[in-house]
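Spelled out, the chains give:
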Amino acid sequence: MGKGFFISKAVGIAAIIVGAGALATIIALSVVYSQEKAKNNDNVLPTDGGTTSKPPVTTTAPSNEPWDKYRLPKSLVPDHYNVTLWPRLKQNLTTGLFIFTGQSTVEFVCAEETDLILIHSNKLNYTKRENNHLASLTSLGGVKAPSIKSSWLQQVTQYLVLQLDGKLMKDHRYHLHTDFTGELADDLGGFYRSEYMEDGVKKVVATTQMQPTDARKAFPCFDEPAMKAIFHITLIHDLGTVALSNGEEKESSNVNIEGHDVQKTVFQPTEKMSTYLLAFIVSDFSFINNTIDGVLIRIFARTPAIAAGQGDYALNKTGPILKFFEKYYNSSYPLPKSDQIALPDFNAGAMENWGLITYRETALLYDETFSSNSNKQRIATIIAHELAHMWFGNLVTLRWWNDLWLNEGFASYVEYLGAHEAEPEWNVKDLIVLSDVHRVFAVDALASSHPLSSKEEDIQKPAQISELFDAISYSKGASVLRMLSDFLTEKVFTMGLRTYLAEFAFGNAGYTDLWSHLQMAVDATGTDIPETVSNIMNTWVLQMGFPVVTVNTSTGIISQKHFLLDPDSEVTTPSIYNYEWIVPIKWMKTETIQHPKWLKNESVTIDEMKVSGSDWVLANINVVGYYRVNYDQGNWERLLGVLSTNHVAIPVINRAQLVDDAFNLARAKIISTVLALRTTKYLNKEREYMPWESAVGNLDFFYLMFDRSEVYGPMQDYLRNQVTPLFTHYKSLTDNWKNVPVGHMDQYNQVNAISLACRTGLRECQNLTNQWFNQWMETKLNPIHPNLRSTVYCNAIAAGGAKEWEFAWSQFKNASIAIEADKLRYALACTKQPWLLNRYLEYTLDPNMIRKQDATSTIVYIANNVIGQSLAWDFVRARWSYIFTQYGGGSFSFSNLVNGVTERFSTEYELQQLKQFKEDNAEVGFGSGTLAVDQSIERTIANIKWIAENKQNVLDWFKAEEKP
Ligand SMILES: *[C@@H]1O[C@H](CO)[C@@H](O)[C@H](O)[C@H]1NC(C)=O
Ligand SMILES: *[C@@H]1O[C@H](CO)[C@@H](O)[C@H](O)[C@H]1NC(C)=O
Ligand SMILES: *[C@@H]1O[C@H](CO)[C@@H](O)[C@H](O)[C@H]1NC(C)=O
Ligand SMILES: *[C@@H]1O[C@H](CO)[C@@H](O)[C@H](O)[C@H]1NC(C)=O
Ligand SMILES: [Zn+2]
């Protein structure tokens, strides 16, 4: 899956709170949690839809029957399936349901004699067949199949169970036939429906999301990734609609079934593949197409979106990205076609179904008038991510979900390589440091983090599988693979990757298989590494966290230590590596890159790192290593000196690193907060995006802690002074704001310049944003460039009153593209008028005003506003039981909500309120927010402590900086 938790820059400004630790993980998991909640609540269905025989024993205690285990036995192996599905896009007015019907025949081989058939099935009702059983069985090759003794549905483990009165014989083939009905619900899982309005008419799309364990909601199947098979799919659909699946359309004809004139589309059989990569879609969408070296490329979306050219960007970029990966993997695209479709309702960012990739609209559709450059970057990288999976993940699939991190980490790494190919001018590869490495550092620095790799036996239930889709799997996976590719060199890395793909094509593998192939490449090329690939990587994969490497330039001693954001936290999980890593150290000495070194033990002495005079050492060049760096005070001083006199002597990524490392080392009490603040002093000369972004992210924590205290004024004065030159720079670069900066990073940094200048009260900035907004209100023509809209809207609404707010609200209600509506919804939370904020809070619980899926984030946006903070907290406290009962099962994310509204908490009084809140609502409960309540209490305590220790120093420092 693509990153479901991707926070787009346009709307994420208020949501990105660097250093707030667990928040990133919580956002990451919210998608998964809401899916899980939906599943759990539906489990109260009657035990089955047509049992004829009861299971022999019905015990409540855990039993050890095969059907009580979550993993399939190894006795049966599917060969191919013939599946026909007929989704009904009209509601049955008698039952109130949207349904689909289906028939399936699966041919399987018996690998071990057995008298039991277990096949996954969830929420399907079966039509009884011979002798009143839920399925029928035939055998091939002349022998007679045993007859079915009893059949039932095992709800908890999601099986259709068939007990036979004789044994299936080893190496014999059998056919299992079923007829079934399922609900085409709007639950975003399995075969589901998505609704949207077009020209005032409500339309319905039938679509799928199988990963990880929902193919079994569409038809009975051996729903494990290693149970690969070939699928012959047929879809029955209304005349005039388009049916799509993984294979190419083979034939389509009009037929009459049960008195209905319908269309029947038969697809070419798929390649041998896993069930989680299947897709079936019926819609009346349009498409645009292209052919590249015989591969058909199509982009599907709502007809008006295609007509407006919103699919063009994706179509133009898909070919080059596909070609890039063919070269990178040295393997031609394995399928004859590549379809990509934008869906109005989609939970994750995108899903790599083989040959039919599904996306959220905002992850595929680009519109010059409404999309910012960050929206555009998101599209290019998500396409690259999904196309990368066509080989890594789809052609070669991990054997079991415990290795998910390798699949997602790999795609999250090479998405940058693919996007770079599509947009070579962007330098997008550098951004992995901000978006993945720094971001996941925040989560992986907690004592409650977890290792990349999980044990197979620990990952059994669907909920345990879903939990793996988190920031650790995606971003840490990407970070350590980037480090590996770097120390092996890209040549050796791709050499091993290619033989790995060739050996396991159409099959399954584990992460150690990749290590073996990389080792072969290392051996073949004589690459110099201090230990085997496996020994090095195990230290990064099998234990959680990462080290802080300390370089002492006066002694030359380099040492490592597990980095914990809260030094008082206790690590209760032991590690066989004792929290030591094998660390590759790329470094430079005073402007010259040196030969890389390795740190294999707790410490080592490297004489070349002992420097004196004005020489300085900088370690972890371009942050290719997954670790933070600390120095002796003398070297810190010299680095600060270089920043202030000649900052370009330090590579731009490392300027971002120095800021981020310093602030985090200060949070962990390894260096002083004042030293961290001093890394921002040179910013008045900095024009590059990455260091600014790093600083802005880290200073957000200071805003949260101090925007209600006397530190606020001096801090604002200091930051305004720092950002004014950047603001002026952009003013002249854009010829008084008339042009758009050419560079991608410059466009990003222009947003930082305006946001921070306005936030710190620079008059000229405020006048500028007000003037643009007024012009829009008066002329009804929006003069604001899409890159700047979020921040300009926010600042103008903050400066304005009811008139500005009402105007933005009406634009929000009338927005025809999700990208624009999201920017407005964020900006509406920026007003300083308490009554407007209170009314906006009320709107969040009215689905006619704010869509349910957006309620949580809107409340959190309001809480992020210093004026809105206490209003949002009062609102949530007062309505808790209402919110909980109304939204308990749906898309409402309680953990995001609790964490979001308590983010700023840093006083004893707030701590008492929070504890009271926990007590008062103990009866009602907190659902998925339970952990978040405790985390918030813990965070508030930590904040109180941090403020007590730092406030005076920070205040003194800002005051001293004000004076010339
Ligand atoms: C609606 O469902 C009922 C009950 O299952 C069924 O008898 C009826 O034929 C269905 N109506 C349509 C239009 O399919
Ligand atoms: C599935 O359909 C294919 C093509 O029509 C046919 O050759 C095959 O025998 C069928 N298999 C089963 C299990 O029905
Ligand atoms: C399946 O059967 C159950 C129990 O009879 C019923 O409540 C449910 O609506 C049925 N689902 C469909 C899709 O027909
Ligand atoms: C695009 O699709 C149309 C209609 O299916 C077809 O006629 C045309 O040849 C296709 N173009 C390319 C470049 O594949
Ligand atoms: Zn993915």
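Conventions used here
- Residues numbered from 1 in each chain as written.
- Chains lettered and ligands numbered in written order.
- Predicted model: local features only at pLDDT ≥ 70, side-chain atom pairs only at ≥ 80, totals over all residues.
- Heavy atoms only, no water.
- Helix = DSSP H or I, 4+ residues; strand = E, 2+ residues; numbered from the N terminus.
- Rg over C-alpha atoms; globule rule 2.2 N^0.38 Å.
- Buried < 20%, exposed > 50% of the residue type's maximum accessible area, 1.4 Å probe, protein only.
- Contact = heavy atoms within 4.5 Å.
- Areas by Shrake-Rupley, 256 points an atom, 1.4 Å probe, with all protein chains shown as cover.
- Lys, Arg positive; Asp, Glu negative; His and termini not counted.
- Charge placed at Lys NZ, Arg CZ, Asp CG, Glu CD.
- Phe/Tyr/Trp six-rings, centres within 6.5 Å; stacked < 30°, edge-to-face > 60°.
- Lys NZ or Arg CZ within 6 Å of the ring centre and 35° of its normal.
- Near = heavy atom within 4 Å.
- Polar contact = N/O pair within 3.5 Å; in protein donor to acceptor, adjacent residues only side chain to side chain.
- Nonpolar A, V, L, I, M, F, W, Y, C, P; charged D, E, K, R; others polar.
- Pairing = 2+ DSSP bridges.
- Axes fitted to C-alpha atoms, helices over the stretch in contact; angles between N-to-C directions.
- pLDDT = per-residue confidence, 0-100.
- Parallel < 35°, antiparallel > 145°, perpendicular 65-115°, else oblique.
- Left-handed = near helix turned anticlockwise from the far one by under 90°.

S.K.: Provide a residue-level description of the overall build of the chain, including the pertinent values.
M.R.: Looking only at helices and strands, one finds 28 helices and 31 strands in the chain. For the chain, whose C-alpha radius of gyration is 29 Å, the value lies close to the compact-globule estimate of 30 Å for 964 residues. When each of the 964 residues of the chain is scored for burial, the buried share is 61%. A separation of at least 24 residues holds for 73% of the contacts in the chain among residues at least 6 apart in sequence. Summed over its atoms, the accessible surface of the chain is roughly 35,600 Å², and 50% of this surface lies on carbon and sulfur atoms. Computed over 86 positive and 106 negative side-chain charges, the inter-centroid distance for the chain is 2 Å.

S.K.: Go over the packing of aromatic side chains, please, and point to the residues and values.
M.R.: The geometry of an aromatic ring pair is captured by two quantities: the separation of the ring centres and the angle between the planes. Per the stated rule, a full pass over the model turns up 70 aromatic pairs. With centroids separated by 6.1 Å and ring planes inclined at 55°, the aromatic side chains of Tyr 126 and Phe 180 adopt a geometry described as tilted. Of the two residues, Tyr 126 sits in strand S4 (residues 124-126) while Phe 180 sits in strand S8 (residues 173-183), which places them 54 residues apart along the sequence. With respect to class, Tyr 126 is no different from Phe 180; both count as buried. Ring plane angle 75° and centroid distance 6.3 Å describe the contact between Trp 540 and Tyr 626, whose orientation is recorded as edge-to-face. Here the residue Trp 540 occupies a position in helix H12 (residues 533-541), and Tyr 626 occupies one in the loop between strand S30 (617-619) and strand S31 (628-631), the gap between them amounting to 86 residues. A relative accessible area of 0% means that Trp 540 is categorised as buried. Taken together, the aromatic side chains of Phe 324, Phe 325, Tyr 328, Tyr 329, Tyr 333, Trp 391, Phe 392, Phe 410, Tyr 413, Phe 493, Tyr 500 and Phe 504 make up a single cluster linked through ring pairs. Above the face of the Trp 400 ring, Arg 71 is positioned so that its terminal group lies 3.4 Å from the ring centre. Over the aromatic face of Phe 563 sits the side chain of Arg 628, whose NZ or CZ is 5.7 Å from the ring centroid.

S.K.: Quick one: what's the story with the site of ligand 2, residue by residue and with numbers?
M.R.: Taken together, the residues surrounding ligand 2 are His 80, Asn 82, Thr 105 and His 175. With respect to ligand 2, the side chain of His 80 contributes an N or O atom lying 2.9 Å from a nitrogen atom. Between ligand 2 and Asn 82, the relevant distance is 2.4 Å, taken from an oxygen atom to a side-chain nitrogen or oxygen of the residue. Across the complex, the protein chains shield 49% of the 360 Å² of accessible surface that ligand 2 would expose by itself. The residue makeup of the shell around ligand 2, split by class, is no nonpolar, four polar and no charged.

S.K.: An account of the sheet that holds strand S16 (residues 286-292) is needed here, citing residue identities and associated values.
M.R.: What the five strands build is an open sheet, ordered S16-S17-S18-S20-S19; its pairing is mixed. What marks the edges here is a single partner per strand, and that holds for S16 and strand S19 (350-351). When S16 meets strand S17 (residues 295-301), the two strands line up antiparallel, connected through seven bridges. Of the residues in S17, the one forming a bridge with Ser 286 is Ala 301. Most of the contacts of helix H4 (residues 312-329) go to S17, to which it runs at about 150°, and overall it touches S16, S17 and strand S18 (337-343). Each of S18, S19 and strand S20 (356-360) touches helix H5 (residues 373-389); the most contacted strand, S20, lies at about 150° to it.

S.K.: Pulling in residues and values, what's your account of unusual backbone geometry?
M.R.: Following Gln 211, the chain continues to Pro 212 via a peptide bond in cis, the omega torsion being 0°. When you line up the elements, Pro 212 lands in the loop between strand S10 (201-209) and strand S11 (230-238). One non-glycine residue, Asp 199, lies in positive phi territory at about 50°. What makes Asp 199 exposed here is its relative accessible area of 75%.

S.K.: Could you give me a rundown of the sheet that holds strand S29 (residues 603-605), with the residues and numbers involved?
M.R.: Taking strand neighbours across the sheet as the criterion, the four strands line up as S29-S24-S23-S31 in an open arrangement whose pairing is mixed. The open sheet has two edge strands, S29 and S31, and neither has a second partner. Across the sheet, the axes of successive neighbouring strands diverge by a mean angle of 20°, strand direction being ignored. In terms of strand pairing, strand S23 (residues 547-552) meets strand S24 (residues 557-562) through six bridges, oriented antiparallel. In the sheet register, Pro 547 faces S24, and the bridge partner there is His 562. Contacting S23 and S31, helix H14 (residues 652-667) runs over the sheet at an angle of about 80° to S31.

S.K.: For the site of ligand 4, give the residues involved together with the corresponding values.
M.R.: Surrounding ligand 4, one finds Asn 289, Asn 290 and Thr 291. Here an oxygen atom of ligand 4 and a side-chain polar atom of Thr 291 are 2.6 Å apart. Burial of ligand 4 by the surrounding chains reaches 34%, relative to a free accessible area of 360 Å².

S.K.: Summarise the confidence of the model for the chain; cite the residues concerned and give the values.
M.R.: For the chain, per-residue confidence averages 91 on the pLDDT scale, and 93% of positions sit at 70 or higher. In this model, residues 4-59 is a region of pLDDT below 50 whose contacts with residues beyond four sequence positions or in other chains number 123 contacts.

S.K.: Give a detailed account of the packing of helix H18 (residues 744-759) against helix H19 (residues 763-779), specifying residues and quantitative values.
M.R.: Running from N to C, H18 and H19 cross one another at 110°; their axes reach a closest spacing of 7 Å. As summarised for this structure, H18 and H19 are arranged roughly perpendicular, according to the angle between their axes. The interaxial crossing formed by H18 with H19 has left-handed handedness. On H19, the residues that touch Ile 754, Ala 757 and Cys 758 of H18 are Cys 765, Gln 766 and Thr 769.

S.K.: An account of the environment of Glu 806 is requested, with residue identities and associated values reported.
M.R.: Relative to the helices and strands, Glu 806 resides in helix H21 (residues 802-814). What makes Glu 806 partly exposed here is its relative accessible area of 33%. Between the alpha carbons of Glu 806 and Leu 828 there is a distance of 9.2 Å; along the sequence they are 22 residues apart.

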